[in-house]
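Residue-level listing of the chains:
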Amino acid sequence: MLTPTVDPTQLGFEDTSELEPLTDIIGQERAVEALEFGLSMKSPGFNLYVSGPVGTGKATLVRQMVKRLAQAAPAPADWCYVNNFQDPSRPVSLSFPAGQGCAFKRDMAAFIESLRRDIPAAFEGKKYLDAKAKLHDETEAKKKVLFQELTKLSLTRGFGFDETPAGFGLVPLKDGQPMTSEAMEAMTDPEQQDLTERRLALEGEIRDFHVRLHSLDKEMEQQRRHLDHQVVTNVLEGRYETMRRTYAELPSVCAYLERVQDNIIHHYKDFLPHEGPALPIPGLEPRRPDMTRYLVNLIVEHEVNSGAPVIDESHPTYTNLIGKIERHAHMGVIYTDFTEIRAGAVLQANGGYLIVNALDMLHQPFSWDALKRVIKTAEVKIEDPGEFYGFSTAGLRPQAIPVTVKIIMVGPPMIYHLLQEYEEGFAKLFKVKADFDTEVVRSERQDRQYARFIAKLCREEGLPHFGADAVAEVIRQGSRFADRHDRLSLRFSLVSDLIREAGYWARKESHSFVTRGDVDGAIAHKRHRSNLVEHWIQDDIK
């Protein structure tokens with residue numbers, strides 16, 4: 001192809017160090033308009049498919065535009081998982097304004113730690129011990145009165161009590177003294193029948209006595225439990241009220257704190273010290289009460305002024321996109337709980353932007369279906385992928401988290417057309433297409449843009465600056481890449497590589513600036529590196 005000549009003197013500079021680095025995009029007005037529209041639309045389904053050949057700079061432009069919009073947007077909510085005290089297999093999700101999730105996690109940890117210190121101290125205090133002793137003494141006094149009444153009753157009916165290894169037994173009395181075996185054998189039949197009837201009646205009274213004793217013990221236990229609950233409530237009261245007022249504007253958090261308070265009151269013994277065996281057996285040490293149920297698993301956290309999140313997921317597996325539930329093994333047993341839930345890229349991008357590569361995602365099992373499900377339901381449900389293969393796993397069912405995320409899928413035009421043709425509902429999920437062109441009409445303005453692009457790359461990568469003649473040669477090669485004398489290529493990966501290689505050869509030749517000869521040398525060396533087969537063919541022809 002006859003390429004146009006470019007006059008270096010018409011460019012208006014000696015070298016690229018005189019130019020401002022390029023901040024605009026060259027020749028992609030159509031794509032920029034589509035991106036601005038799609039990124040600004042808040043309605044459901046206006047996700048973007050960014051289409052174009054490799055090397056047109058589409059991924060770079062997307063990141064630049066998305067980051068600029070994200071910086072001006074407010075930071076989204078923090079999200080965490082907490083224990084569900086009614087059903088631990090279904091953890092509860094809680095939402096906080098940006099920055100407050102970490103504060104809540106710290107507050108809960110300090111709250112529980114203070115209770116682990118103060119509840120045992122309250123139960124060791126003199127006031128509690130005196131009240132507990134008083135309950136015991138009152139109950140023992142009532143038992144004593146009952147026993148005295150039973151003793152009087154038994155004496156009036158001619159019986160006494162004899163202590164045996166199995167308890168107390170009834171002993172017939174005569175003149176206040178236990179009857180001997182001979183005396184009992186000497187009794188007439190009517191006397192023995194009367195004795196038997198009196199014994200049976202008294203045994204019924206004794207059974208009633210034991211029932212009343214049990215009722216007294218049960219009543220004392222209820223009173224002691226009420227006393228314990230009152231002690232725990234007194235310890236909790238100030239701390240709980242402080243937490244409740246701190247998060248009063250978050251109803252779901254207040255409801256969770258109420259459930260925490262109720263659980264602590266009914267399981268206060270977990271906060272008391274437990275004595276283990278004198279000689280613990282390795283591997284079978286007594287387990288300390290599990291306090292993980294009060295932990296906070298903060299899975300998504302944002303700074304207050306961080307803006308909207310931008311997540312560029314380079315490896316979009318199912319777990320990387322949606323999240324996962326980790327498991328641990330202990331003595332051959334696999335276990336998990338809500339603290340092992342991990343967020344994926346979709347949750348990390350909630351309230352912001354998620355960038356994925358179409359080919360990478362379609363290569364991964366379940367990823368595309370999971371992404372479609374997120375767009376359709378506007379929520380993320382973290383599940384075990386093993387269930388998709390038919391494996392039944394008794395695990396967690398975390399509460400779904402609502403999401404609002406703008407998804408930008410970057411890929412080749414062919415993938416877009418295939419999805420449009422064969423994927424039902426694709427047009428409803430990705431309503432905006434941004435097409436990147438591969439060439440632009442050459443003009444003085446575009447030549448200047450090319451020069452500023454070279455200046456930008458030299459500054460960013462520390463390359464030697466290009467002289468005007470070298471810039472002119474790069475522009476000429478841009479026309480060669482486009483295969484048209486009146487166009488310039490927009491495949492900047494090719495142009496960038498040419499700039500880098502020319503910079504390398506300029507440094508090797510100890511040039512302070514890249515010259516046209518360095519650019520020509522870079523082209524010649526690249527051709528030499530890749531034309532071995534051509535060389536063989538030429539030799540055969542000769």
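All of these numbers come straight from a predicted model, not from anything done at the bench.

> In this structure, what is going on with the overall build of the chain? I would like to understand it.
Along its length, the chain carries 18 helices and 19 strands. Taking all 542 residues of the chain together, the buried fraction comes to 42%. Expressed as a percentage of contacts within the chain between residues at least 6 apart in sequence, the contacts between residues at least 24 apart total 76%. In the structure as shown, the chain presents an accessible area of about 30,800 Å², 53% of it carried by carbon and sulfur atoms.

> Even after reading the chapter, I still don't get the environment of serine 306, so can you show me in this structure?
Mapped onto the elements, serine 306 comes out in the loop between strand E7 (297-300) and strand E8 (310-313). Relative accessible area serves as the criterion here: at 39%, serine 306 is assigned to the partly exposed category. With 235 residues separating them in the primary sequence, serine 306 and glutamine 71 have C-alpha atoms 7.1 Å apart. A distance of 2.8 Å separates a polar atom in the side chain of serine 306 from the backbone oxygen of glutamate 303.

> Explain the sheet that holds strand E13 (residues 353-357) to me, please; I cannot follow it from the model alone.
Backbone-to-backbone hydrogen bonds join strands into a sheet, with any given pair of strands oriented parallel or antiparallel. Taken in spatial order, the five strands of this open sheet run E8-E13-E16-E1-E17, and their pairing is parallel. A strand with exactly one partner marks an edge of an open sheet, and here the two such strands are E8 and strand E17 (432-435). Averaged over all neighbouring strand pairs, the angle between strand axes comes to 20°, with direction disregarded. Where E13 meets strand E16 (residues 406-411), five bridges bridge the pair, whose relative direction is parallel. Bridge assignment links leucine 354 to a residue of E16, and that residue is isoleucine 407. Strands in contact with helix H1 (residues 29-40) are strand E1 (48-51), E13, E16 and E17; relative to E17, the strand with the most contacts, it is inclined by about 155°. Against the sheet, helix H12 (residues 413-422) touches E1, E16 and E17, its axis set at about 140° to E1.

> Mind showing me how you'd approach the sheet that holds strand E2 (residues 78-82) here?
Spatially, E3-E2-E7 is the arrangement adopted by the three strands of the open sheet, whose pairing is antiparallel. Since the sheet does not close on itself, it has two edges, and those belong to strand E3 (92-96) and E7, each with one partner. For this sheet, the mean angle separating the axes of adjacent strands, direction not counted, is 30°. Pairing analysis gives three bridges linking E2 to E7, with the strands arranged antiparallel. Looking at the pairing, cysteine 80 lines up with leucine 298 of E7. Here helix H3 (residues 100-123) sits on the sheet in contact with E2, E3 and E7, set at roughly 120° to E3. Contacting E2 and E3, helix H7 (residues 251-266) crosses the sheet at an angle of about 130° to E3.

> I'm lost on the packing of helix H15 (residues 468-482) against helix H17 (residues 516-530) in this one. Help?
When two helices pack together, you describe them by how their axes are tilted relative to each other and by the distance separating the axes. Interaxial distance between H15 and H17 falls to 7 Å at its minimum, and their mutual angle equals 35°. For the pair H15 and H17, the contacting residues are Asp469, Ala470, Glu473, Val474, Arg476 and Gln477 in the first and Arg516, Val519, Asp520 and Ile523 in the second. A per-class count over the contact of H15 with H17 returns four nonpolar, one polar and five charged.

> In this structure, what is going on with the pattern of salt bridges? I would like to understand it.
Where charged atoms from two side chains of opposite charge come close, those side chains can pair. Going through the model one piece at a time under the given rule, you end up with 31 salt bridges. Linking arginine 245 and glutamate 241 is a salt bridge whose minimum nitrogen-to-oxygen distance equals 3.0 Å. Taken together, the residues arginine 245 and glutamate 241, both in helix H6 (residues 189-246) and four residues apart, mark about one turn of the helix. The exposure class assigned to arginine 245 is exposed, which follows from its relative accessible area of 61%. The residue aspartate 369 makes a salt bridge to lysine 372 at a minimum N-O spacing of 3.6 Å. You can see aspartate 369 and its partner lysine 372 sitting in helix H11 (residues 367-377), three residues apart, about one turn around the helix. The exposure class assigned to aspartate 369 is partly exposed, which follows from its relative accessible area of 42%.

> Any chance you could explain helix H14 (residues 444-461) here in plain terms?
A turn of α-helix holds 3.6 residues, and therefore any two residues three or four places apart point the same way. The terminal C-alpha atoms of H14 lie 26 Å apart, and with 18 residues this matches the ideal 26 Å at 1.5 Å per residue to within 8%. Buried within H14 are the following residues: Gln446, Asp447, Gln449, Tyr450, Ala451, Arg452, Phe453, Ile454, Ala455, Leu457 and Cys458. Those residues of H14 that are buried lie in contact with strand E18 (439-441), H15, strand E19 (487-489) and helix H16 (492-508). In the segment just after H14, glycine 462 is the residue with positive phi, at about 70°.

> Help me understand the side chain of lysine 58, please; the structure alone is not making it clear to me.
Mapped onto the elements, lysine 58 comes out in helix H2 (residues 58-72). Buried lysine 58, no salt bridge; nearest opposite-charge side chain is aspartate 435, N-O distance 9.8 Å. In contact with lysine 58, not counting residues within four places along its chain, are Val50, Ser51, Gly52, Pro53, Val410, Gly411 and Phe436.

> Just to check I follow, could you spell out the packing of aromatic side chains for this structure?
Two aromatic rings are characterised by how far apart their centres lie and by the angle between their planes. A complete count under the given rule lists 19 aromatic pairs for this structure. When the centroid spacing of 6.1 Å and the interplanar angle of 80° are considered together, the rings of phenylalanine 96 and tyrosine 247 count as edge-to-face. Residue phenylalanine 96 is found in strand E3, and its partner tyrosine 247 is found in the loop between H6 and H7; the two are separated by 151 residues along the sequence. Here phenylalanine 96 falls in the buried class, since its relative accessible area comes to 1%.

Rules of the game
- Residues numbered from 1 in each chain as written.
- Predicted model: local features only at pLDDT ≥ 70, side-chain atom pairs only at ≥ 80, totals over all residues.
- Heavy atoms only, no water.
- Helix = DSSP H or I, 4+ residues; strand = E, 2+ residues; numbered from the N terminus.
- Buried < 20%, exposed > 50% of the residue type's maximum accessible area, 1.4 Å probe, protein only.
- Contact = heavy atoms within 4.5 Å.
- Areas by Shrake-Rupley, 256 points an atom, 1.4 Å probe, with all protein chains shown as cover.
- Polar contact = N/O pair within 3.5 Å; in protein donor to acceptor, adjacent residues only side chain to side chain.
- Pairing = 2+ DSSP bridges.
- Axes fitted to C-alpha atoms, helices over the stretch in contact; angles between N-to-C directions.
- Nonpolar A, V, L, I, M, F, W, Y, C, P; charged D, E, K, R; others polar.
- Salt bridge = Lys/Arg side-chain N within 4 Å of Asp/Glu carboxyl O.
- Expected span 1.5 Å × (residues − 1).
- Lys, Arg positive; Asp, Glu negative; His and termini not counted.
- Phe/Tyr/Trp six-rings, centres within 6.5 Å; stacked < 30°, edge-to-face > 60°.

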